[in-house]
Amino acid sequence: MTTQSNKNIVIGISGGIAAYKSAQLVRGLIKRGITVRVCMTPAALQFMTPLTFQALSGHPVHTDLLNPDAEAGMGHIALARWADLVVIAPASADLMARLSMGLANDLLSTLCLATTAPVHLAPAMNHRMWSHLATQANLNTLIQRGVIIHEPEIGQQACGEVGMGRMLAPDDILKQCLKALQPRKQGVLQGKQVLLTAGPTREAIDPVRYISNRSSGKMGYSIARAARDLGAKVTIVSGPVALRAPQKVTVVSVESAAEMHQATLDYAASADIFIATAAVSDFSTEDVFSKKIKKSGDCLTLELKQNADILYDTSHQYPQLFSVGFAAETDNLMVYARDKLQRKKLDMIVANPVGEGKGFDQATNQLEIIWKEGHLSLPEKDKQTLAHELMAIIVEHYNRLNS
Ligand code: PMT
């Protein structure tokens with residue numbers, strides 16, 4: 001069991017049925033030698049009694065902002081200074097809204113404003129409340145400010161409905177807290193910049209129609225998270241996707257292949273490693289209709305022109321970059337991939353079989369990693385696990401080339 005003595009955590013509890021699960025979280029932290037102080041909002045008191053958390057933490061529970069007795073001892077500023085980490089579990093929609101606005105209308109929200117410790121939130125709420133635009137906007141504001149989110153899970157909710165919004169299991173929150181308290185190891189890509197392209201591009205036909213493909217961006221965003229975890233400064237030039245920007249990663253949003261081409265060349269100037277996971281449209285319309293095309297006749301002919309190859313241009317313009325391409329193939333995977341490796345002047349190419357429900361917009365993928373002198377297969381797995389394995393291989397080759 002990992003222990004973390006000499007560390008102090010404030011567990012914040014806001015109003016929600018998941019508040020009972022926080023008892024297990026507090027217990028787990030105490031078992032690992034961490035000193036825990038619990039702070040409950042007035043709404044949380046409707047769900048759990050402070051006595052439970054006092055018994056588990058061994059300290060009185062903090063509930064009032066303007067309590068003269070508390071302020072004489074461990075007042076809100078002292079508590080904010082004392083904490084190495086503030087973890088709010090459950091974090092209700094109301095609490096997230098108040099934090100995003102910077103309100104200080106109870107002890108917990110005031111403490112979050114006053115602390116310099118990292119703040120983690122484990123949201124828990126009805127799935128419709130979670131997906132509401134207001135909650136998502138508050139979530140994005142908090143993420144941009146550096147708050148770490150322990151994403152809720154999909155499942156049966158206390159209200160009987162099924163959806164995303166169930167608080168992450170206490171043991172999983174505990175693991176992330178312990179990781180956050182560990183002294184930071186220097187990542188192997190510390191001081192390096194990784195640039196990625198991800199997602200599809202959209203080539204306009206008229207003001208409402210476009211040519212695109214099924215790329216979800218999941219593969220690229222997973223690799224971005226893996227590179228960030230290795231200490232790199234990561235930028236994704238991203239086509240339109242329905243994914244949230246990974247924490248501490250810069251996302252440059254573009255739409256067309258031409259916009260992706262321009263943005264990638266701009267950012268490549270300062271990058272060390274370039275990974276092209278985007279499914280870039282090879283063609284765009286010669287002319288974009290200025291008005292919505294009307295139905296007339298039985299067929300419509302569109303004249304298409306070839307788009308510039310972003311990967312080719314980037315690897316040729318910046319030969320010092322360690323360039324990794326992707327090859328999405330329905331057949332002759334290895335032959336076509338090796339051809340792209342050579343033709344696009346790459347250090348490595350990652351081939352994945354696509355079509356028949358593979359690759360595009362899937363949670364899993366299967367990779368063949370090819371370089372000039374060798375080849376390695378990664379069997380089908382979830383994209384995040386593959387991304388970590390792929391980044392380890394990229395780092396090994398990058399270091400070999402630059403040592
Ligand atoms: O986004 P997901 O849903 O997670 O799916 C992931 C994926 C299947 C899209 C991804 O793993 C993948 O294979 N991406 C590359 C898709 C592709 O367009 O491959 P390609 O064989 O057509 O292109 C070869 C390489 O050249 C790619 O690195 C591509 O980004 C790049 N390219 C292609 C055309 C172009 N005009 N510019 C480019 O940079």
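Right, let's walk through the structure included here. A quick note: this is a predicted structure, and the numbers were derived from the prediction, not measured. (Residues numbered from 1 in each chain as written. Predicted model: local features only at pLDDT ≥ 70, side-chain atom pairs only at ≥ 80, totals over all residues. Heavy atoms only, no water.)

Not every one of the 27 residues close to the ligand is listed here, only the nearest: Ser215, Ser216, Ala278, Lys340 and Asn352. Between the ligand and Asp361, the relevant distance is 2.7 Å, taken from an oxygen atom to a main-chain nitrogen or oxygen of the residue. Only helix H10 (218–229), helix H12 (310–317) and strand E16 (322–329) provide two or more residues apiece to the shell around the ligand. Looking at the shell around the ligand element by element, the count peaks at four residues for E16. Its residues placed into classes, the shell around the ligand shows twelve nonpolar, eight polar and seven charged. (Near = heavy atom within 4 Å. Polar contact = N/O pair within 3.5 Å; in protein donor to acceptor, adjacent residues only side chain to side chain. Helix = DSSP H or I, 4+ residues; strand = E, 2+ residues; numbered from the N terminus. Nonpolar A, V, L, I, M, F, W, Y, C, P; charged D, E, K, R; others polar.)

Quick look at the state of the cysteines now. Applying the stated criterion across every chain, the model contains zero disulfides. Left unpaired, Cys39 is separated from the closest cysteine sulfur, that of Cys112, by 8.1 Å. (Disulfide = S-S within 2.5 Å.)

Spatial strand order, E12-E11-E8-E13-E16-E17-E18-E19: eight strands in an open sheet with mixed pairing. Edge positions in the sheet fall to strand E12 (250–253) and strand E19 (374–382), since each of these pairs with one other strand and no more. Between one strand axis and the next, the sheet turns by 15° as a mean value, whatever way the strands run. Pairing geometry for strand E8 (residues 193–198) and strand E13 (residues 273–276), over four bridges, is parallel. (Pairing = 2+ DSSP bridges. Axes fitted to C-alpha atoms, helices over the stretch in contact; angles between N-to-C directions.)

The next point concerns the packing of aromatic side chains. Following the criterion strictly, the structure yields one aromatic pair and no others. With centroids separated by 6.0 Å and ring planes inclined at 90°, the aromatic side chains of Phe322 and Tyr398 adopt a geometry described as edge-to-face. Of this pair, Phe322 sits in strand E16 while Tyr398 sits in helix H14 (residues 383–402), placing them 76 residues apart in sequence. Phe322 sits in the buried class, given a relative accessible area of 3%. (Phe/Tyr/Trp six-rings, centres within 6.5 Å; stacked < 30°, edge-to-face > 60°. Buried < 20%, exposed > 50% of the residue type's maximum accessible area, 1.4 Å probe, protein only.)

Purely geometric stuff here, so don't read any function into it on its own.
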